[in-house]
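What the coordinates show
Residue-level listing of the chains:
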Amino acid sequence: MASLSGSERITRDDVIKAIGSADDVTIAQMIATGATVEELAEAQAWLANDEPMMNAGRPLATGRVRELVDILSELEPDDDDDPGSFTGPSITQG
C-alpha cells in the first residue's frame, strides 16, 4: 500500500502517483535513493519552481532530493529535442 506519511520511503505507487507513467528502471532508480514522499514532493517543486524557491532563500537541493531532481529531469523533454526549435541556417534553392 502506498505510504501516506512523508517520513516513509517512497514506493512504486508513490512514484506513479507523483509522476504518472514511467519505465520500471526509472521507478527503481527513484526508490533506490531511499527518499521519502516528502523528498519526492520537494524534488518536484524544485523542477517546477526552481527560481521562486531560490528567491525564497531555500538552499539548492542536496542529497536524496538532488538525486530525485536529476532522475526527474531526465524524464522532461529537452528543448533541443523540439523540431520547431531549430535555429540553424535555412536551406533554400534559388
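Residues numbered from 1 in each chain as written. Predicted model: local features only at pLDDT ≥ 70, side-chain atom pairs only at ≥ 80, totals over all residues. Heavy atoms only, no water.

1. What to know about the side chain of Asp14
Along the chain, the position of Asp14 falls in helix H1 (residues 12-19). Although Asp14 is buried, it forms no salt bridge, and the closest oppositely charged side chain is Lys17 at an N-O distance of 5.5 Å. (Helix = DSSP H or I, 4+ residues; strand = E, 2+ residues; numbered from the N terminus. Buried < 20%, exposed > 50% of the residue type's maximum accessible area, 1.4 Å probe, protein only. Lys, Arg positive; Asp, Glu negative; His and termini not counted. Salt bridge = Lys/Arg side-chain N within 4 Å of Asp/Glu carboxyl O.)

2. Describing the packing of helix H2 (residues 24-32) against helix H4 (residues 63-75)
Running from amino to carboxyl end, H2 crosses H4 at an angle of 165°, the nearest separation of the two axes being 10 Å. Between H2 and H4, the angle is such that the two are roughly antiparallel. Here H2 runs over H4; the crossing is left-handed. Only Leu68, Ile71, Leu72 and Leu75 of H4 make contact with H2, whose side of the interface consists of Thr26, Gln29 and Met30. Looking at the contact of H2 with H4, its residues break down into five nonpolar, two polar and no charged. (Axes fitted to C-alpha atoms, helices over the stretch in contact; angles between N-to-C directions. Parallel < 35°, antiparallel > 145°, perpendicular 65-115°, else oblique. Left-handed = near helix turned anticlockwise from the far one by under 90°. Contact = heavy atoms within 4.5 Å. Nonpolar A, V, L, I, M, F, W, Y, C, P; charged D, E, K, R; others polar.)

3. What to know about H2
Taken together, the buried positions of H2 are occupied by Thr26, Ile27 and Met30. In a view along the axis of H2, the buried residues occupy a sector of 100°, so they form one face of it. Turned more than 90 degrees from where H2 packs its buried face, Asp24, Val25 and Ala32 sit exposed. Where H2 begins, the capping side chain belongs to Asp23, and its oxygen is found 3.1 Å from the backbone nitrogen of Val25. Among the residues trailing H2, Gly34 stands out with phi positive, at a value near 80°. (Arc of directions from axis to C-beta. Polar contact = N/O pair within 3.5 Å; in protein donor to acceptor, adjacent residues only side chain to side chain.)

4. Considerations on the environment of Ile16
Structurally, Ile16 is set in helix H1. Separated by 11 residues in the primary sequence, Ile16 and Ile27 have C-alpha atoms spaced 8.0 Å apart.

5. Regarding the packing of H1 against H2
Orientation of H1 relative to H2, taken along the N-to-C sense of each, is 115°, at an axis distance of 10 Å. The orientation of H1 with respect to H2, classified from their angle, is roughly perpendicular. Regarding H1 and H2, the two cross each other, and that crossing is right-handed. On the side of H1, the interface is formed by Arg12, Val15, Ile16 and Ile19, while H2 contributes Asp24, Ile27, Met30 and Ile31. Across the contact of H1 with H2, the residue classes break down as six nonpolar, no polar and two charged.

6. Considerations on the confidence of the model for the chain
With 70% of its residues at a pLDDT of 70 or more, the chain shows a mean pLDDT of 78. Note on residues 84-92: pLDDT under 50 across the span, and two contacts to partners over four residues away in sequence or across chains. (pLDDT = per-residue confidence, 0-100.)

7. Some points on the pattern of salt bridges
Pairing between side chains of opposite charge can happen when their charged atoms approach one another. This structure, assessed with the given rule, holds three salt bridges. With a closest N to O distance of 2.8 Å, Asp24 and Arg12 form a salt bridge. In this pair, Asp24 sits in helix H2 while Arg12 sits in helix H1, placing the two residues 12 residues apart along the sequence. For Asp24, a relative accessible area of 53% translates into the label exposed. Arg66 is paired through a salt bridge with Asp70; the nearest N and O atoms lie 2.8 Å apart.

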